[in-house]
Each structure stands twice: as structure tokens, then as C-alpha cells.
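A look at the structure
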Amino acid sequence: MLLLLSAIFVITLVSVLGYSMVGWAPFEMRWRDALLGAMLPGDGDRPGFDDIDLREFWAIYDTHAPPLVRIGLRAATWFLTFLPLFVSGCRKPFFRLDADRRDRFLRAASSSRFYLVRQLMMTVKTFAAFGYFSNGVVRGLFGIPSGTPGPTTWSNG
Amino acid sequence: MDGAAVRGREKLACDVAVVGSGPAGASAARVLARAGARVIVFEEGPFARFRDFPSDGFTAMAKFYRDMGASVLMGNAPMPFLQGRAVGGGSVINGAISWRLPRDVYDEWVLNDPAIGDAIPWDEIDAATDEIEKDLNVLPTDDAVAGPNNLLMAKGAEALGLEHRRISRYTRGCRGLGRCLQGCPEGNRLSMDLTYLADACAHGARVLSSVEVGGILVRDGRAAGIVGRASGGGTVTCEAGRAVVLAASAVQTPVLLMKNGLRHGPVGLGFQGHPGTSMIGWFGDPVRVWTGATQGHEVTGMRKEGLKFEALGYDIAVAAARLKSAGRAFAEEIRALDHWAAWGACVRAKGRGRVGAGFGRASVRFSLLPEDVFRLRRGVRVLGEMMLAAGAEFVTPGVHGWHDKVAQRAVMARFEEEGPLDPRAYTMVLTHMFGTCRMGADPSKGVVRPDFRHHAVDGLYVADSSVFPTNTGVNPQTSIMALATICGRRIAAGTGQ
């Protein structure tokens, strides 16, 4: 397992370093959004990560994120997308898993015995939380006045 | 003046160039400007009007934190460290906490190097601190704006018989908006941009924002000025007739020295800080950690053991990210996010690290010693017990390899014995950094003399917490300001020139 993890890590690192020089490719965005959406799903009552308008969030990211942050999110995206290939019960890339398997995988990964996996999960969770709560409508659900030049619309709201 | 507008070559002249506009730079600049010196302060970050501070944590971190708050130090437990990057430095985005330099910490310094006691007498530090507290309206947090997160800590500490108190803060008219870490949108936190820098400017100083200083001009063994790169693409050269004062933080100051070949003494070595971890607990009544005074209550009873506890208010997104779960369980926990309280333990770590300047950037290495991890375990135990004693239905230590949820104090008490010894099991953030250009009479042990003068280059001073011989175990802003004020006085008096 350690060997497989190391192999994914090396492949991820090379890919991430290469791609970090440019913006997100469309396929990468799908991988990334699949992870972020599964990390914070909606339930019909409350919006999830997938339900909100994140254009301003990603615009701020594109403008301000330093290389370390870009590499970190990229690494988490690539690594966690392909890690399920080596997990029994999954055996597919993350974006090909159904909702239940995605959820089970995320729960298992967040308490993985491997420090690197836990840190990458933390990266995804932190971005999911920052993105979700950058939305003015979501903040409003928690009684937080917006008063911000940041995002204020929820596409389904 | 805004560096964003500088596109060509800008040439400036002054008596004293100050690099960094945080508490250290602002304090030194103020004293010097008041003494009649022509002062220019250089700040890498932008000038932020308090009405423009965003309400969400992400935008604030993107705009006003170095590396978006994701600067990471490496070692046996990699962890982020937070630094402000705006005019006013960390004072713009911190909890406005004020602590006087503890006498026992000062005595440690003097015991190790008696010359420090001669150069910086305790009475002078004490008097400078009195002035700072008066200038910045330092007062204990009013219960009316504290909010449940702070008040519950008082209840928990009382139940455990631990010495505790309301945190003294630099505020005026605080309404407990809980937005200190995003920048106070009402300007009620008395940060440096609103106070000491404004006062310095009123006495003729200039502040140049969005200029990253990379070069220190040295001629005939004497600091003669600085060279910076403006965010607008131009360069700024400033001749300083009398002194160059470095006040860019315990991470950036040694890097600036090293980048300029000024590697005299233990520059970059001896890095110390305060690693901190947090405890969250679920209460039956709403707590809403994103409201009330961001950090309004503290437990001081274990300070001499190297532990201090603070209530931790922060943006709702940060509160969510601290939850232990993922996926649907995470979304479910977020629904009741307003019921979670969050408190932190700050450790006076004995471990020492180093700051390097690889590829022109700061790289920090720091590892906790076994005794630091023991202290951390004790801190987690006390935090958990205190929270349960305050009425939490359960707490979540957030330590890998131990219980996710604990509802009984007796179980929490076992953490001090059972808690993991691998520091990577803990989720930590490092705050307050020290010691990378420490002062000392012996040139082989100090980068600057006890009067802040660089040992090898005349006219070059360091005024920030990199000169502190050790960490302090408490929030250092007031100590930094007191020492930087004294540094400014020494330069104004022409000591050693």
C-alpha cells in the first residue's frame, strides 16, 4: 500500500507541478468539483457546495492564491481522485464513484493512518468550507450579514 | 504612497528607512518621526481601508495574509503560520490581544546575557508599556460584547479552579462583531495603521505600501538605504542618511539579511514560536463562535508551565473546517455549527528551528521537542476537561488516533497519559515567532547588540521579535512595540553612531 501511495504521489507531484504553471484544465475542474461537492453535499433543505455560485470565489483564488496554495489544491485533487483505484470497494477514480461510495471514501480518507492523505483531505475540506461560506446567501442562512464585496448570490436561490 | 502606482525608477531619500509597518516598524517609526527624523516606512502589503474589510475569511486571507494564510513550516509536525500582509502588519488581522512582557521572561534573558539588562532596563520597558496601553486604550474585554464562546471559558476555568481573566485588547467601541481576523470593518480595533503609523505620518513620516524590500544598501560597512520592488512593476531606491531599521518579522527579517549576504552571527537560527491546537465542543445552547469578541477570555493559571488557553472566535468557514467529519456527516454537522464552541491552547515550545532563504523565499524548519508534545498533551486534556465542565455535551479533540468525541471528564483526563506522542497526530497552527536575529553582547551568539544595532553593519537595526532571545509564552504584540519603541529612542539619541 505504501508503495502504491508513493507511486501516486510521484505521478501527482509531476503532474501538479506541470499543470500549476497554467490554469485549471476542464477535466481537472471536474475532478476538483466532484471532490468539493461530495465533501459538502446539499440535502434539498440546505444548499451544498455544488448548489452555490462560486464564480467570485474562484476569481479571488485565481487572482490571489500563491503557488503553494495552488500546488496544494492541485495535489489534493489529483491524489484523491486516483486514490480510490487502490481502495477495495471503489476501484474507480473518484469522479466515477456513485454518491454513496464517494461519501464512504471521504470518511475513510479523513481518518487515514497516512499523514499525507489526512493533510490532503484537510486541504479539500478547508476549500469546501471557504468556498461554501464565501457565498452571501449561505452566510445569511447562518444569520451572518454579508457586508462584503465578495460573492452574494446562490444560483438556486 | 502606493507602490501599485510606481512603474518606473523611484528615488527617495530620508534619515531612517523602516522595513515593515507592523507593530515593530510602526512603533519605531513613530518615535523617530516625533524626534524630528525624516522617516519612510516600507510595507510589502497593500493599504486597507477598514470599511473595505470583507466579512468572509477566504477573501480576507487572500488579500491581507501572507501566502493566503498558507505559509507552512516543515519539521516533525508541518504546520501553517500566519502573518499579516498589509499596512499595519499583523495588527490589522489579529485578535488585538495585549500582554505585558512577563517579568520572569525578561529575567531569563538577563540571566543568560546580563548586557541585555544594562541596555534595556526593566523600568524602561515597563514605562514604555504603560504608554502603549494608554495610547491604544488597552482594557479588559467588556462582558457586554464577549459573547458565549468567551463567557463559557470563564465558567469552565472557574469550575476547574484555574486562574482566568478577560483578555485585555486594543479596541475602542468594539461591538463584538467577531471579525477581528478578517479586519475590523468599523475600525474599532486600534491597529497600527489607525494609530502609530497615523501619528508618525502626522509628524512627517511617509508610508510606502505595496513595495517589497529586497536589497539593503551597504557602503563602507554602513547601511545606506534600501532597494525595493513595487507591485506596479517599478523599483524604489531609498537612501537613508542615518539608519535602516528592519521590522519585517522573525521570518522575513533574517531572510532579508541573508539575501543581502549579511550572514553575521546566528542569523535565521534559534527560531521559536507558540504552536497552538484547538478544542471544539458541542453545547445545547447556541454559541456562534463567529460572533462576540474574537478572543475575549484567557486562562492564565498555567502560563509558567508553558501553557496558555484562549477562547477562539473566527470566521464561520474556519469553524466549519475544524469539524472532524467529511461528506454527508460534515454537511450534517454544519447544520448545527452555531452550537460549537472553540478554544485554543498555546504552547511555549522549547524547540528551536531555523529560517532559510531558498530560492529567494523564506523557508522555516521547526520541530517540537518531546517535552513540547507532553505539554501539548496536557493542554489538550485541560481544554477538554474545561469545556466539559462548562457544560459541553461532548468535545472533539481533533487528535488522530484518539477518540473523535468525548463526553466524560474522566475520559478526557486520560488524554495526558494516552494521547499520541507523534506531533503529526495533532492539528496545529504556529503563531508568534521569535529569535532569528537575537540580541546578545557576544557577536558569535547575537545578530544584533542589546541596543538593537547589527554587530557587523553600522546604521543597521533590527526592531522586531527576531531580536527576542526566546519566545515569551504570551501574545507578544505589546512586548514587540515596547522594545521597538526603545529601539527608536536609541536611534534618535544616536547611540553607537
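Provided above is the structure to which this section pertains.
Okay, so let's go over this structure. (Residues numbered from 1 in each chain as written. Chains lettered and ligands numbered in written order. Predicted model: local features only at pLDDT ≥ 70, side-chain atom pairs only at ≥ 80, totals over all residues. Heavy atoms only, no water.)

What to know about the packing of helix α2 (residues 26–39) of chain A against helix α6 (residues 115–133) of chain A
Packed helix pairs are characterised by how far apart their axes lie and by the angle those axes make with each other. Residue and element names in this part refer to chain A. Closest axis-to-axis distance for the α2/α6 pair is 9 Å, and the angle between their directions is 75 degrees. One finds that α2 runs roughly perpendicular with respect to α6. Here Leu35, Leu36 and Met39 of α2 come into contact with α6, specifically with Met121, Val124, Lys125, Phe127 and Ala128. When the residues that make up the contact of α2 with α6 are grouped by side-chain class, the tally is seven nonpolar, no polar and one charged. (Axes fitted to C-alpha atoms, helices over the stretch in contact; angles between N-to-C directions. Helix = DSSP H or I, 4+ residues; strand = E, 2+ residues; numbered from the N terminus. Parallel < 35°, antiparallel > 145°, perpendicular 65-115°, else oblique. Contact = heavy atoms within 4.5 Å. Nonpolar A, V, L, I, M, F, W, Y, C, P; charged D, E, K, R; others polar.)

Looking at the interface of chain A and chain B
Contacts between the two partners involve 44 residues from chain A and, on the opposite side, 40 residues from chain B. With both chains or domains summed, chain A and chain B bury close to 3400 Å², and 64% of this area falls on carbon and sulfur atoms. Counting across the interface, chain A meets chain B through 14 residue pairs in polar contact (both at pLDDT 80 or more). Going through the elements one at a time, α2, α3 (55–64), α4 (67–82), α5 (99–110) and α6 of chain A are the ones with two or more residues in the side of chain A that touches chain B. Here the side of chain A that touches chain B takes ten residues from α6 of chain A, the largest share from any one element. For the side of chain A that touches chain B, a count of residues per class yields 24 nonpolar, ten polar and ten charged. (Buried area = accessible area lost by both parts, 1.4 Å probe. Polar contact = N/O pair within 3.5 Å; in protein donor to acceptor, adjacent residues only side chain to side chain.)

Notes on the pairing of strand β1 (residues 9–19) of chain B
Residue and element names in this part refer to chain B. Note that β1 and strand β11 (residues 235–246) share ten bridges and pair parallel. Across the sheet, Arg9 pairs through a bridge with Thr235, a residue of β11. The sheet contact formed by β1 and strand β2 (residues 39–42) spans four bridges and is parallel. Each residue of the ladder has a partner; that of Val19, found in β2, is Phe42. (Pairing = 2+ DSSP bridges.)

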